[in-house]
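Each chain, written out:
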Amino acid sequence: MMSETISGGHLVAKALKAEGVDVIYTLCGGHIIDIYDGCVDEGIEVIDVRHEQVAAHAADGYARITGKPGCAVVTAGPGTTDAVTGVANAFRAESPMLLIGGQGALSQHKMGSLQDLPHVDMMTPITKFAATVPSTERVADLVSMAFRECYHGAPGPSFLEIPRDVLDAKIPLEKARIPKNYRASTKQAGDPEAIERLADMLAHAEKPCILLGSQVWTCRATDAAIDFVRALNVPAYMNGSARGTLPPGDPHHFQLSRRYAFTEADLIIIVGTPFDFRMGYGKRLSPTATVVQIDLDYRTVGKNRDIDLGIVGDAGLILAAAAQAASGRIDNAAARRKEWIEELRAVETQAYDKRLPRQLSDAQPIDPYRLVHEINEFLTEDSTYIGDGGDIVTFSGQVVQPKSPGHWMDPGPLGTLGVGMAFAMAAKQARRDKEVLCLFGDGAFSLTGWDFETMVRFDLPFIGVIGNNSSMNQIRYGQAAKYGEERARVGNTLGDIRYGDFAKLLGGHGEEVRDPAEIRPALERARESGKPSLINVWVDPDVYAPGTMNQTMYK
Ligand SMILES: Cc1ncc(C[n+]2csc(CCOP(=O)(O)OP(=O)(O)O)c2C)c(N)n1
Ligand SMILES: [Mg+2]
């Protein structure tokens, strides 16, 4: 009797299934078609996009939304190089995803086969694990290994290349290793002694504050973070994916007074975010404050700035344990902090009031503040907000507040333009019942905008808004400041494009908006349309966000 056989592509699909992956993002190529065939058998959806960068960003986005690793499958050579940016973005953003790339047949190794490149060498510095699958027997084994490696310390991407003959060959089923149970919990609770010290610090602090960084969402530590700030009466700031941990209006939700808090606080707790450019490399924290840093990755703790206490581990377990340890004390100091909270609230309100007239401006062309204000008002608890652009997204970072945890997406510290369409794709697909709104700069949109067609083809309605200034404004500002207005227009000027028409061309809903009073009705029509949409909002090209004018990102 002939034994049952299985091919490499079908083994990939079995391994994806074992990991709980229910969709791959891909752009086809002859090197990888057997994986598609395997996905048909395993019931894994195949979403084919128009550019491999989008496939990789979508895998990153899928991981962020679902808490499961994402997977992108691309062909050898240019397919893999096109995906590099997406992998790099996931690497800096600590997002667990697997990129599978095709490769020429092993039998033609180094002979100059079609699309041959040293993929593993290229991917090694931007992944946690990169390897070639050497034989069909090992295909599923290496896929599971690559997934496991995504969760070493802070999560991140892995890469596997599978040579064409390895993928296509059929082997007897019993020769293949197909791991099913191969993952341990990687949650670390933190050193109990360090947690006791943190509880002590909290009990003595008069003016503490906490910054909840992206890992709070990665660790799904939302509840623990909320319990912590309430039990100890600690004002909270949120960044990256952790935005929305507390809803706007919550007594412990602060945003606009962050610089003041970092200058005045006596205890600053930094959770799950590095001292990178977004934090002024730690320079913006008071030199006299006691600084505590909690992170999944020991390499992040104490990097760029000295700390008083570092704890490596899971944000949720550590915050819960610290709150518990502090609550056992006679006085956890919560009551004494009333004045400090009021002081910060006053700073917060003053900053808000100062900006409000701009947010309500009737100016034409439209003030970008008005656009982001309208978006913020329009978002519901079920709206995922995505920002993809330069200056316009800097405006939105100040004004747009997600109403729920896990409903904010930005590229992360790589600052990659072009993530928006892919994130919208992943977010909508992962949470079909929820709304997605993506704000694009016109420059950012152009990088990956053709994948609007993929949104139409797979019936993934979303509300796309373009803050159109016919420019790469964030860069233009720096050029004008450095070289003067007459030399400021080099390399940053875009056409006056009616992106609403582009949306219609591809089968979506589209509109042009030039009157600020029309923003809200246009957003509502996009919501009602039930289609992928683009509302092209013509904003004033000659105003810039404060962050752009300070050039804070380079300081
Ligand atoms: C892939 C990529 N290329 C280039 C840049 C550099 N960059 C940062 S902001 C910016 C301008 C973006 O223009 P747009 O999206 O229209 O937003 P605007 O600043 O005009 O609001 C550029 C080119 C980048 N961050 N990512
Ligand atoms: Mg622009």
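Residues numbered from 1 in each chain as written. Chains lettered and ligands numbered in written order. Predicted model: local features only at pLDDT ≥ 70, side-chain atom pairs only at ≥ 80, totals over all residues. Heavy atoms only, no water.

Counting secondary structure elements, the chain contains 22 helices and 19 strands. Its C-alpha atoms give the chain principal-axis dimensions of about 80 × 60 × 45 Å. Buried residues in the chain amount to 59% of all 555 residues. Considering only intrachain contacts with a sequence separation of at least 6, the fraction spanning at least 24 residues in the chain is 76%. Surface summary for the chain: the accessible area is close to 22000 Å², and the carbon and sulfur share equals 53%. Side chains of the chain carry 57 positive and 71 negative charges; the gap between the two charge centres is 2 Å. (Helix = DSSP H or I, 4+ residues; strand = E, 2+ residues; numbered from the N terminus. Buried < 20%, exposed > 50% of the residue type's maximum accessible area, 1.4 Å probe, protein only. Contact = heavy atoms within 4.5 Å. Areas by Shrake-Rupley, 256 points an atom, 1.4 Å probe, with all protein chains shown as cover. Lys, Arg positive; Asp, Glu negative; His and termini not counted. Charge placed at Lys NZ, Arg CZ, Asp CG, Glu CD.)

Here we take up the layout of surface pockets. Put simply, the second largest pocket is a space of about 690 Å³. Along its surface, the second largest pocket is lined by 37 residues, and Tyr151, Pro155, Thr218, Cys219 and Leu296 are the ones closest to its centre. Of all the elements in the fold, those that place two or more residues in the lining of the second largest pocket are helix H3 (52-66), helix H4 (78-93) and helix H9 (215-218). Here the residues of the lining of the second largest pocket are counted per class, giving 12 nonpolar, 14 polar and 11 charged. (1 Å grid on protein atoms, 1.4 Å probe; cavity = no way out; pocket = protein on both sides within 12 Å on 5 of 7 lines; lining within 4 Å. Points joined across faces, edges and corners; volume = space filled by probe spheres on them. Nonpolar A, V, L, I, M, F, W, Y, C, P; charged D, E, K, R; others polar.)

All right, on to helix H2 (residues 33-42) then. For H2, every residue scored as buried is listed here: Asp34, Ile35, Tyr36, Gly38, Cys39 and Glu42. In the segment just after H2, Gly43 is the residue with positive phi, at about 75°.

It is worth spelling out the site of ligand 1 at this point. The local shell around ligand 1 holds 16 residues, among which Asp391, Gly415, Asp442, Gly443 and Asn473 are the closest. At 3.1 Å from an oxygen atom of ligand 1 is found a main-chain nitrogen or oxygen belonging to Gly390. One of the backbone N or O atoms of Ile392 is found 2.9 Å from an oxygen atom in ligand 1. Where the shell around ligand 1 is concerned, the elements lending two or more residues are helix H15 (391-399), helix H17 (442-448) and helix H19 (473-483). Each residue belonging to the shell around ligand 1 can be placed in one class, and the counts come to 5 nonpolar, 9 polar and 2 charged. (Near = heavy atom within 4 Å. Polar contact = N/O pair within 3.5 Å; in protein donor to acceptor, adjacent residues only side chain to side chain.)

Summarising the metal site, the magnesium ion (ligand 2) is bound by the protein donors Asp442 (OD), Asn469 (OD1) and Ser471 (O), whose distances to it range over 2.0 to 2.1 Å. Positions of the donor residues of the magnesium ion (ligand 2), expressed as sequence spacing, correspond to D-x26-N-x1-S. Of this pair, Asp442 sits in helix H17 while Asn469 sits in the loop between strand S17 (463-468) and H19, and the two are 27 residues apart along the sequence. For Asp442, a relative accessible area of 1% translates into the label buried. Accessibility expressed as a relative area gives 9% for Asn469, which makes it buried. (Donors = N, O, S within 2.8 Å, 3.2 Å for Na, K, Ca; no water.)

Bringing the pattern of salt bridges into the picture now. Taken as a whole and assessed by the stated rule, the structure comprises 28 salt bridges. Across the pair Lys17 and Glu42 runs a salt bridge whose closest N-O atoms are separated by 4.0 Å. With a gap of 25 residues between them, Lys17 in helix H1 (residues 8-19) and Glu42 in helix H2 connect regions that are remote in the sequence. Among the salt bridges present, the one from Asp542 reaches Arg476, with a minimum N-O distance of 2.6 Å. Of the two residues, Asp542 sits in the loop between strand S19 (533-538) and helix H22 (546-550) while Arg476 sits in helix H19, which places them 66 residues apart along the sequence. Residue Arg476 is classed as buried on the basis of its relative accessible area, which comes to 5%. Overlapping salt bridges bring together Asp48, Arg50, Glu453 and Arg457 as one network. (Salt bridge = Lys/Arg side-chain N within 4 Å of Asp/Glu carboxyl O.)

Further remarks concern the side chain of Ser7. Among the structural elements, Ser7 can be located in strand S1 (residues 5-7). Given a relative accessible area of 4%, Ser7 falls into the buried group. Not counting the four nearest positions on each side in its chain, Ser7 is found in contact with Asp34, Thr136, Leu167, Asp168, Ala169 and Lys170.

The 5 strands lie next to each other as S10-S9-S11-S12-S13, forming an open sheet whose pairing is parallel. This sheet does not close on itself; its edge strands, each paired only once, are strand S10 (236-238) and strand S13 (309-312). Within this sheet the neighbouring strands show an average axis-to-axis angle of 15°, counted without direction. Alignment of strand S12 (residues 290-295) against S13, held across 4 bridges, turns out to be parallel. Residue Ile294 lies in a different strand from S13, and its bridge partner there is Ile311. Contacts from helix H8 (residues 192-204) reach strand S11 (267-271), S12 and S13, with the element oriented near 135° to S13. (Pairing = 2+ DSSP bridges. Axes fitted to C-alpha atoms, helices over the stretch in contact; angles between N-to-C directions.)

Quick look at helix H13 (residues 338-359) now. One full turn of an α-helix is made of 3.6 residues, so residues set three or four places apart face in the same direction. Taking 1.5 Å of rise per residue, 22 residues should cover 32 Å, and H13 covers 30 Å from first to last C-alpha, within 8% of that figure. Taken as a whole, H13 carries its principal kink of about 25° at Asp353; the proline Pro357 stands between one and four residues after it. Along H13, the residues classified as buried are Trp340, Ile341, Leu344, Glu348, Arg355 and Gln359. Tucked into the core, H13 has its buried residues touching strand S9 (208-212), S10, helix H11 (258-264), helix H14 (368-378) and H15. (Expected span 1.5 Å × (residues − 1). Bend = angle between axes of the 7 residues up to and from the residue.)

Before going further, it helps to examine the nonpolar core. Formed by 47 residues in total, the largest nonpolar core has its most connected members in Tyr25, Leu99, Met425, Phe440, Phe445, Phe462 and Leu534. Ranked by size, the runner-up nonpolar core spans 38 residues in total, among them Ala154, Ala225, Val271 and Ala322. (Core = buried A, V, L, I, M, F, W, Y, C linked by side-chain atoms within 4.5 Å.)

Positionally, Asn233 belongs in the loop between helix H10 (222-232) and S10. The class of Asn233 is buried, set by a relative accessible area of 18%. Within the structure, Asn233 has its side chain in polar contact with the side chain of His252 (distance 2.7 Å). A distance of 2.9 Å separates a polar atom in the side chain of Asn233 from the backbone oxygen of Ala334. Ignoring anything within four residues of it in the chain, the contact list for Asn233 reads Phe228, His252, Ala334, Arg337, Lys338 and Ile341.

Bringing the sheet that holds S19 into the picture now. Sheet architecture is open: 6 strands sit in the order S15-S14-S16-S17-S19-S18, paired in parallel fashion. Because the sheet does not close on itself, it has two edges, and the strands there are strand S15 (408-409) and strand S18 (509-513). Lying over the sheet, helix H21 (residues 519-529) contacts strand S14 (383-388), strand S16 (435-441), S17, S18 and S19, oriented at roughly 180° with respect to S18.

Okay, empty space enclosed by the protein next. For the coordinates displayed, the defined rule picks out 3 cavities of 30 Å³ or more. When its volume is computed, the largest cavity comes out at roughly 70 Å³. Taken together, Met238, Arg243, Gly244, Leu246, His253, Phe254, Gln255, Gln401 and Pro402 form the lining of the largest cavity. For the lining of the largest cavity, the class distribution of residues is 4 nonpolar, 4 polar and 1 charged.

This brings us to the state of the cysteines. Within the structure shown, the criterion is met by 0 disulfides. Of all cysteine sulfurs, the one in Cys150 lies closest to Cys219, which takes part in no disulfide; the gap is 15 Å. The exposure class of Cys219 is buried, given its relative accessible area of 10%. (Disulfide = S-S within 2.5 Å.)

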